[in-house]
Amino acid sequence: MAKNLLIVESPAKAKTIEGYLGKDFIVKSSYGHIRDLVKSEDAIDIAHNFEQKYEVPADKKQVVSELKKLAKESDVVWLASDEDREGEAISWHLFDTLNLKEENTRRIVFHEITKPAIMNAIENPRKIDYNLVNAQQARRVLDRLVGFELSPVLWKKVKPSLSAGRVQSVAVRLIVDREREINKFTSEAAFKIMAIFGTGKQAFKAELPERFAQQGDAEKFLNDCIGAAFNVRSLETKPAKRAPAAPFTTSTLQQEASRKLGYSVSRTMSVAQKLYELGYITYMRTDSVNLSDTALDAAAKEITSAYGEKYHQQRKYKTKSAGAQEAHEAIRPTYFNQHTIEGDSGEKRLYELIWKRAIASQMSEAQFEKTTAKISISTRKEDLVANGEVMRFDGFLKVYLESDDEEEDTQQDGENTMLPPLTKDQLLDLQEMLAIERFSRPSARYTEASLVKKLEELGIGRPSTYAPTISTIQNRGYVVKEEREGKQRKFRVLTLKGGSVTKEERTENTGAERNKLFPTDIGAVVNDFLVQHFKGIVDFNFTASVEKQFDEIAQGLKEWTAMLHDFYKPFHNDVQSTIETADKATGERDLGIHPENGSKVSVRIGRYGPFVQVGENASDDNKDYKPLYASLRTGQSIETITLEEALELFKLPKVVGEFEGKPMKVAIGRFGPYISHNSAFVSLPKEIDPLDVTEEQAIELIEAKRKKDAEKLIKAFDEDPTVKVLNGRWGPYIEFGKQNVKIPKDKDPLTLTFAECKTLADADAKAPKKGGKKFAKKK
């Protein structure tokens, strides 16, 4: 038996490390956390200094049993979980659960999975850092207390089955606040002047720095320019430099992978985790921009070899984040001479992005020559301005250019790549001048990447929490990430050409969104309830101060239970008073009076989502009265829906025609608009408005659904029509009533008998089910 047992978090990492260590080591995985707080309300004993009660989940009992056996048979146990606070806590849980002894337990950390890094860690072991463990415990306990105490308040005062978290609630507030800011924004129009000049060799653009608020002023400017002389009043040429961005932190990697590769935050972290475990990159949860001396030397060698000496410029970046955690390195490739890797396209693309960013950070500045020409107008006092830029040395741009969230918004119509040769007082030939109506825009909605950036700026969350926070607010239904079509908007264009000014009206699409975060109605209602009754939970400064206190605990500057006592007492008092005094929150909003029957029309959140109500609820005076209800459609919100839009909803359900002697009815249900026909239901595609469905479209959709269902059916049985062999997304399966049964590989779906299907269904029903968390009963 091996003398040493080394425990890591993941099996992929175990496999990589085992190849570096000799026969004296056995490397095993804990598969992440091996225990967690019990799910019941007695998980944390507040009266006894927040003492915790842990349990090993059913799916981890076999892992723990094997690790206990191996630990007893080994002389030394090496705890090699990740180097952040969560990793330290995992090591402590292993130490405690496996009943390890301090004298034969070693804690090691490394930020890259390479043989030198692993051997160096083995030579420099340490003990478990209980300051880091306590910081992680404080976060876990505080978040559990917030979740367990807030959720029942939301069940009672807003809607059943809701939940709330500390950092997640702040993230939702940011998105709700931004949406309201956009809804309140009033766009203002102004006319932008742009001229196109010719010099005989090359045309170029120039702009008027000022804009005209009124069309009349813009028109006068163009008319004044008829027959005017345009001369180069001044030319200014000056050098400019651009420096590369720092190597990636967790936050900047998530942002850039979103912009350049279109990855979600969770996908970025999943792929980065795999790259780390395979030994391709350094540890991916970090807020440091620092590179080790070894990495700096390796980068210098690769840059000099691949691009030449003049492309190398060593830089040491300093971490700006005030709450930066332990002294990690930035995310970088483990070997700079490895420009790409073996793997799927997702892994390759992320690795190459990390390699380019890290290598570019050690390259020379890009050098430019910027030219500004001011052009006089003989009939006006204003000057037009033309800008041009020429790259003199590409430097780091040979490898990499950082993207920007607002790239598409900042692109200017009047930008020139470069200007033609110009001289002072040169007379220019005006080819065309335009006055284009442009509109002011509100702040952009958050993407996952820009939300991470904002959270980091506010000091809320840490590298390990950004991705789970963003996944959680979407999974809870408080926020949706989606695309929304824009609206057509008309704008005016005045054109001076050939000595006369013409006017025309053009159309553009505005407000289209792609992969942006929108608050749902329930998200907005929950946010308002928390803002009203739990200001501390959703206050940006308070949440950032809690993160700072976790940092102080990690550094040994603060006692963790004292911090929890300071937080818990006022929070618990708020919970008690809210349960006793707060009104139920529905987000109700009166829209006006029904034009035909004079009833009140309102909108609010109900048990199954947002809906419009016409009329009051039944009263003692009128017990038989029944209000009318209609669900909101996708894309509609209780905060922005108008009376006219609400009344449109009551035009459904409607009969759009007959097919095979049976009516076809269009309606909206819990899962969106649909057509019902002869007890069958067909969902309407997103692009079809339920109010505009024609008889021909309805028939076409019904027949398409029947065709799809027929292709899905492999076999049916006379013995029981609810038993079918079907083609599914993952291959053939048996539908046995409400039970879906997998077909063994050695069985042919076409030849299955009813008896065989029943036998397989019975066996499947008796088989133990994998996964699934059991929660304590709600009190």
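Up top you'll find the structure we're talking about.
Residues numbered from 1 in each chain as written. Predicted model: local features only at pLDDT ≥ 70, side-chain atom pairs only at ≥ 80, totals over all residues. Heavy atoms only, no water.

1. Looking at helix H4 (residues 115–123)
Here is the rule we go by: To sort residues, take the accessible area from a 1.4 Å probe on protein chains only and compare it with the maximum for the residue type: under 20% means buried, over 50% means exposed, and anything in between is partly exposed. What counts as a helix is a DSSP run of H or I of at least four residues, what counts as a strand is a run of E of at least two, and both are numbered from the N terminus. The arc in question is the one spanned by the directions pointing from the helix axis to the C-beta atoms. Here, two residues are considered to be in contact whenever any of their heavy atoms come within 4.5 Å of each other.
What H4 keeps buried is the set Ala117, Ile118, Ala121 and Ile122. Relative to the axis of H4, the buried residues are bounded by an arc of 135° and lie together on one face. Residues of H4 that are exposed and angled more than 90 degrees away from the buried face: Pro116 and Glu123. Contact partners of the buried residues in H4: strand E1 (4–8), helix H1 (11–18), strand E2 (25–29) and strand E7 (76–79).

2. Topic: the packing of helix H6 (residues 166–184) against helix H13 (residues 448–458)
Worth spelling out the cut-off: To define axes, lines are fitted to C-alpha atoms, for helices over the stretch in contact only, and angles between the resulting N-to-C directions are given on a 0 to 180 degree scale. The handedness criterion is simple: a crossing whose near helix is rotated anticlockwise from the far helix by less than a right angle is left-handed, and one whose near helix is rotated clockwise is right-handed. Throughout this entry, Asp, Glu, Lys and Arg are counted as charged residues, while Ala, Val, Leu, Ile, Met, Phe, Trp, Tyr, Cys and Pro are counted as nonpolar. The remaining residues, Gly among them, count as polar.
Put simply, H6 and H13 touch, their axes get as near as 11 Å, and they point 115° apart. Like other packed secondary-structure pairs, H6 and H13 cross with a definite hand, here right-handed. Judged by residue contacts, Ala171, Leu174 and Ile175 of H6 engage Leu451, Lys454, Leu455 and Leu458 from H13. For the contact of H6 with H13, a count of residues per class yields six nonpolar, no polar and one charged.

3. Considering the packing of H13 against helix H14 (residues 466–475)
Two packed helices can be described by the angle between their axes and the distance between those axes. Quick note on the threshold: Each angle is binned into one of four classes, with values under 35 degrees roughly parallel, values over 145 roughly antiparallel, values of 65 to 115 roughly perpendicular, and all other values oblique.
Contact pair H13 / H14: the axes reach a minimum separation of 11 Å and the direction vectors enclose 120°. With respect to each other, H13 and H14 are oriented oblique. At the point where H13 passes H14, the crossing takes the right-handed sense. Every residue of H14 that contacts H13 at Glu448, Leu451, Val452, Leu455 and Glu456 is listed here: Tyr466, Ile470, Ile473 and Gln474. When grouped by side-chain class, the residues that make up the contact of H13 with H14 number six nonpolar, one polar and two charged.

4. Description of the packing of aromatic side chains
The cut-off we apply is this: The pairing test for Phe, Tyr and Trp rings, Trp by its six-membered ring, is centres within 6.5 Å, and the orientation test on the planes gives stacked under 30 degrees, edge-to-face over 60, and tilted for anything in between. Only when the NZ atom of a Lys or the CZ atom of an Arg is both within 6 Å of the ring centre and within 35 degrees of the ring normal do we say a charge sits over the ring.
Tallied over the entire structure, the rule returns 17 aromatic pairs. Seen in terms of ring centroids, phenylalanine 50 and tyrosine 568 are 6.3 Å apart; in terms of plane orientation they differ by 85°. Their pairing is edge-to-face. Pair noted here: phenylalanine 50 is in the loop between strand E4 (44–45) and strand E5 (51–52) and tyrosine 568 is in helix H18 (residues 560–581), with a separation of 518 residues, a long-range link. Exposure class is identical for phenylalanine 50 and tyrosine 568. Each is buried. A connected cluster of aromatic rings, assembled from ring pairs, spans Phe534, Phe542, Phe567 and Phe571. In this arrangement the basic side chain of arginine 438 is found over the ring face of phenylalanine 491, its NZ or CZ atom lying 5.5 Å from the centre.

5. Structural notes on the sheet that holds strand E21 (residues 609–614)
The cut-off we apply is this: Note on pairing: DSSP must find at least two bridges between two strands before they are called paired.
With antiparallel pairing, the four strands of this open sheet are ordered in space as E19-E20-E21-E22. For this open sheet the edge positions go to strand E19 (589–593) and strand E22 (628–631), each flanked by a neighbour on one side alone. In this sheet, adjacent strand axes meet at a mean angle of 25° when their direction is disregarded. One ladder, built from six bridges, connects strand E20 (residues 600–606) with E21; its direction is antiparallel. Opposite valine 601, over in E21, you have valine 614 as the bridge partner.

6. Observations concerning the nonpolar core
So the rule is basically this: Take the buried Ala, Val, Leu, Ile, Met, Phe, Trp, Tyr and Cys residues and link them wherever side-chain atoms come within 4.5 Å; each set so joined is a nonpolar core.
Core analysis: the largest hydrophobic core is formed by 133 residues, its most contacted members being Leu6, Phe110, Ile281, Leu350 and Leu451. If sequence neighbours within four positions are ignored, leucine 6 has contacts with Ile17, Leu21, Phe25, Ile26, Val27, Lys28, Trp78, Ala80, Ile108 and Ile122. The next biggest cluster of nonpolar side chains, apart from the first, holds 27 residues, and it includes Phe191, Phe221, Cys225 and Ala386.

7. Observations concerning the pairing of strand E30 (residues 739–742)
Pairing analysis gives four bridges linking strand E29 (residues 731–736) to E30, with the strands arranged antiparallel. Bridging across to E30, phenylalanine 736 finds its partner in glutamine 739. Hairpin connection from E29 to E30: two residues lie between these consecutive antiparallel strands, with glycine 737 at a positive phi of about 65°.

8. Some words on the environment of proline 125
Topologically, proline 125 is positioned in the loop between H4 and helix H5 (130–157). The spatial distance from the C-alpha of proline 125 to the C-alpha of leucine 79 is 9.6 Å, given a sequence separation of 46 residues. With residues near it in sequence (within four places) discarded, proline 125 still touches Trp78, Arg106, Arg107 and Ile108.

These figures capture arrangement, not role.
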